[in-house]
Amino acid sequence: MPHVRIALSQFRPTKGEYAENVARIGAVVTQAAQLDPKPDLVVFPETATSGYFVEGGVKELAVTAGTLARDLAAAYGGPTIDVVVGFYERFQNHIHNSALYVTLSKQKPEVRHVHRKVFLPTYGVFDEERFVDRGQEGVRSFETSWGGKAAILICEDAWHSLAATVAALEGAQLLIVPSASPARGLGEPEDEACEGETLPASVVRWERIVRGIAEEHGVFVALANLVGFEGGKGFPGASALVDPTGLVIARGPLFEEALLTADIDLDSLTTARSDSPLLADLQSALPVLTKSLSGDKHNEKVRFDPASNGAAPAHAVTRSSTPLHAVKLTGRDPLAIDPELTRRWLVSFLKDEVVRRRGFKKGLVGLSGGVDSALTAFLAAEALGRENVIGVRMPYRTSSPESLAHAELVIAKLGIPSVTVDISDAVDGYLKQVGDVDPHRLGNVMARERMIVLFDLSAKHKALPLGTSNKSERLLGYFTWHGDDAPPVNPLGDLFKTQVWALARHVGVPDEIVAKPATADLIKGQTDEGDLGVSYLHADRILYHLIRGEEPVGFSKEEVEIVRKRLDSTHWKRRLPTVAVVSQTAIGEFYLRPVDY
């Protein structure tokens, strides 16, 4: 069967709900089987039966391959079709991150292969090796029901070129790559295969990887990505099917569930491998390349023949020096973002985290009159619907009239319902009892009183409080602990202040709000940059380098030290309380569950 139709499912699992997810997977396979022509293979992403970031929950969610095959067969009753599903697997008293390849039909399901992930990432947002075991069977090709040979690489397996090489040398014509790789990077310079669309940087890198695999080995590659958000980490979709020349022949949408179909012609492998016989070269050269791996000649010096051709020249010929051409590299601003991609990303985040994950229909935004809260309100109105976003103004008796006016400007422009709660009596009543008030304590009491208001209104209106603190404030410690950082969902927390300004202009926040000096408006005449002693334009770039372990250049020593001191002295504000660990089930140390499971 030279022509094979493949369907890639960009699937959004319900976190921790195995039975529900298997039922939905069965429904998607049923939907695919009704297409004309019917796909021969439907591929689901990594951990589609449970969600990816379940941490210690893998023990509860892992099932045997036989169990999953049985349950998929029960959820599907259509014609014969091959299906790949990523899942957490129980196998011989071990737990693995695995992918099942099964042929479903009206008869008993036929398990054709189970691949157990070999490369388990333990960096950045990943900690897989703590929760699952490494697959010990390596990479193998196997026969399919549609007459070709396939192999499976799960996510990071594909980032190691040797794994794809082994699969291709084993005869695989199609490499299936189920993935659950969160998106990172707010816009990458467009890759030639991206057809003018700006994608998250990690998606562009992924496409480079799978295109390289396909072209080097003369194979088709099917990359199926999760979509949705887990604990703020967003799976982007953008699944792709790549032909053996490295051309992306189909790509799924960003941040949306989708069923992507495309045809592949297995006969085209012959042409691709003939035009670029890299796999044949690799096969014949492999014994030579692997000689040194035995270690027998590890310390042996290279051999070569002595000089024997002619005589040494009597005099060196003086030549004019070679002209040098210096190429000036154009530096890209590391904090530049693609605002439209960022808008789509954060709107999808709010839809997932507020509605799907937490079951709220409404959101609450404390509107201060500043750009951060205005931007959160704009994003929330798009994500939840303007009728489902409540703007809350919470003035104190010394608050700037401009702050109230600008908050009202946002409310009017968006057409959202609003509530105004004057916190003066509550704050003054408390401070009158304890006395000795100073501006710093007053500001902290005001910030915490506002959180009391938001969380009480949350209970009243069944609306989730939405955060408005940006990354610059969080890194500099420029917020009140358990005050303005308290809301459980925050779309801006990984955007520097300068990025907030760029996105706010893009979504239409009124310019008088974006352009005015940033202020917490807790003390009359106060500004953020006056308090910090450095502008956000400089602070953001200094922070960018410091948190990457780099020494900032191009800034005054005083500015760098101001930022460094604030960053180093405020780690405690970015963590939950420190708890004495006295048991073997300490929360967050041994008992590990992500926030959304």
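For the structure itself, look to the data block above.
Thresholds applied
Residues numbered from 1 in each chain as written. Predicted model: local features only at pLDDT ≥ 70, side-chain atom pairs only at ≥ 80, totals over all residues. Heavy atoms only, no water. Pairing = 2+ DSSP bridges. Helix = DSSP H or I, 4+ residues; strand = E, 2+ residues; numbered from the N terminus. Axes fitted to C-alpha atoms, helices over the stretch in contact; angles between N-to-C directions. Contact = heavy atoms within 4.5 Å. Buried < 20%, exposed > 50% of the residue type's maximum accessible area, 1.4 Å probe, protein only. Salt bridge = Lys/Arg side-chain N within 4 Å of Asp/Glu carboxyl O. Core = buried A, V, L, I, M, F, W, Y, C linked by side-chain atoms within 4.5 Å. Right-handed = clockwise from strand over helix to strand, strands pointing away. Left-handed = near helix turned anticlockwise from the far one by under 90°. Nonpolar A, V, L, I, M, F, W, Y, C, P; charged D, E, K, R; others polar. Phe/Tyr/Trp six-rings, centres within 6.5 Å; stacked < 30°, edge-to-face > 60°. Parallel < 35°, antiparallel > 145°, perpendicular 65-115°, else oblique.

(A) Structural detail: the sheet that holds strand β16 (residues 389-393). What the four strands build is an open sheet, ordered β17-β16-β15-β18; its pairing is parallel. Edge strands, defined here as strands with exactly one partner in the open sheet, are β17 (418-420) and β18 (463-465). Across the sheet, the axes of successive neighbouring strands diverge by a mean angle of 25°, strand direction being ignored. Where strand β15 (residues 362-366) meets β18, three bridges bridge the pair, whose relative direction is parallel. Each bridged residue has a counterpart across the sheet, and for G363 the counterpart in β18 is L464. Packed on one face of the sheet, helix α12 (residues 439-461) meets β15, β16, β17 and β18 and runs near 165° to β18.

(B) Local environment of unusual backbone geometry. With an omega of 5°, the peptide bond running from D36 to P37 counts as cis. With respect to the element layout, P37 can be found in the loop between α1 (18-33) and β2 (41-43). Although it is not a glycine, F255 adopts a positive phi angle of roughly 60°. By secondary structure assignment, the location of F255 is in the loop between β13 (248-251) and β14 (258-265). Taking relative accessible area as the criterion, F255 reaches 5% and is therefore assigned buried.

(C) Local environment of the pattern of salt bridges. On inspection of all chains with the given rule, the structure shows 26 salt bridges. Two residues, R343 and E340, come together in a salt bridge whose shortest N-O distance is 2.5 Å. With R343 and E340 both in helix α8 (residues 339-357) and three residues apart, the pair spans about one turn of that helix. Assessed through its relative accessible area of 14%, R343 is described here as buried. With a shortest N-O distance of 3.9 Å, R393 and E408 are connected by a salt bridge. Of this pair, R393 sits in strand β16 while E408 is found in helix α10 (residues 401-414), placing the two residues 15 residues apart along the sequence. With a relative accessible area of 33%, E408 lands in the partly exposed category. Look at the salt bridges and you will find they share partners, linking R12, R24, E257, D352 and R356 into a network.

(D) Representation of the nonpolar core. Ranked by size, the top nonpolar core spans 63 residues in total, and within it L350, L367, V410, L466 and V563 carry the most contacts. With 10 residues, the top contributor of residues to this core is helix α9 (residues 371-384). Core analysis: the next-biggest nonpolar cluster, separate from the first, contains 48 residues, I154, A163, V177 and L269 among them.

(E) Representation of the pairing of β16 in the model. Counting buried positions over the five residues of β16 gives five, a clear majority of the element. Neither face of β16 is open: one carries V389, G391 and R393, the other I390 and V392, and all of them are buried. Handedness of the β15-α9-β16 crossover: right-handed. With three bridges connecting them, β16 and β17 associate as parallel partners. What sits directly across from R393, in β17, is T420.

(F) Broad picture of the packing of α8 against α9. It is the contact of α8 with α9, at a shortest axis distance of 9 Å, that shows an interaxial angle of 65°. Remark: the crossing between α8 and α9 carries right-handed chirality. From α8, R343, L346, V347, L350, K351, V354 and V355 reach across to α9, where they touch L379, A380, E382, A383 and L384. For the contact of α8 with α9, the residue count by class is nine nonpolar, no polar and three charged.

(G) Spatial organisation of the packing of aromatic side chains. Counted by the stated rule, this structure contains 14 aromatic pairs. With 5.6 Å between their ring centres and 70° between their planes, Y123 and F126 make a pair best called edge-to-face. Looking at Y123, the relative accessible area reads 46%, which means it is partly exposed. Geometrically, the ring pair formed by W501 and Y536 is edge-to-face, given 6.1 Å between the ring centres and 85° between the ring planes. A residue pair is termed long-range when its members are at least 10 positions apart, and W501 in helix α14 (residues 497-507) and Y536 in helix α17 (residues 536-546) qualify at 35 residues. Both residues of the pair, W501 and Y536, belong to the buried class. Through successive ring pairs, a cluster of aromatic residues spans Y52, F53, Y123, F126 and F235.

(H) Expanded view of the sheet that holds β14. Strand order in the open sheet formed by six strands is β5-β4-β3-β2-β1-β14, and the pairing between neighbours is mixed. Looking at the sheet topology across the chains shown, the edges are occupied by β5 (110-116) and β14. In this sheet, adjacent strand axes meet at a mean angle of 30° when their direction is disregarded. Pairing analysis gives three bridges linking β2 to strand β3 (residues 81-91), with the strands arranged parallel. If you follow V42 over to β3, its bridge partner there is V83. Sheet contacts for α1: β1 (3-10), β2, β3 and β14; angle to β3, the most-contacted strand, approximately 165°.

(I) Summary view of the environment of D71. Mapped onto the fold, D71 is located in helix α3 (residues 65-75). Since its relative accessible area comes to 17%, D71 is described here as buried. Along the sequence, D71 and P594 sit 523 residues apart, while their C-alpha atoms lie 26 Å from each other. Residues within four places of D71 in sequence aside, it is in contact with Y18 and V22.

(J) Examining the pairing of β3 more closely. Counting buried positions over the 11 residues of β3 gives nine, a clear majority of the element. In this structure, β3 lies alongside strand β4 (residues 94-104), joined through 11 bridges in antiparallel fashion. In the sheet register, F91 faces β4, and the bridge partner there is H94. In this structure, the hairpin formed by β3 and β4 is closed by a connection of two residues, where Q92 is found at a positive phi of approximately 50°.

(K) Summary view of the environment of L279. By the secondary structure assignment, L279 is in helix α7 (residues 278-289). For L279, a relative accessible area of 10% gives the class buried. For the pair L279 and L254, spaced 25 residues apart in the sequence, the C-alpha separation amounts to 33 Å. Residues in contact with L279, not counting those within four places in the same chain, are A168, L169, E216, H217 and R273.

(L) Layout of the packing of α8 against α14. Axis separation between α8 and α14 bottoms out at 9 Å; the angle between their running directions is 85°. The orientation of α8 relative to α14 falls into the category roughly perpendicular. Here α8 contributes P339, E340, T342, R343 and L346 to the contact with α14, which in turn contributes L503, H506 and V507. In terms of residue class, the contact of α8 with α14 is built from four nonpolar, two polar and two charged.

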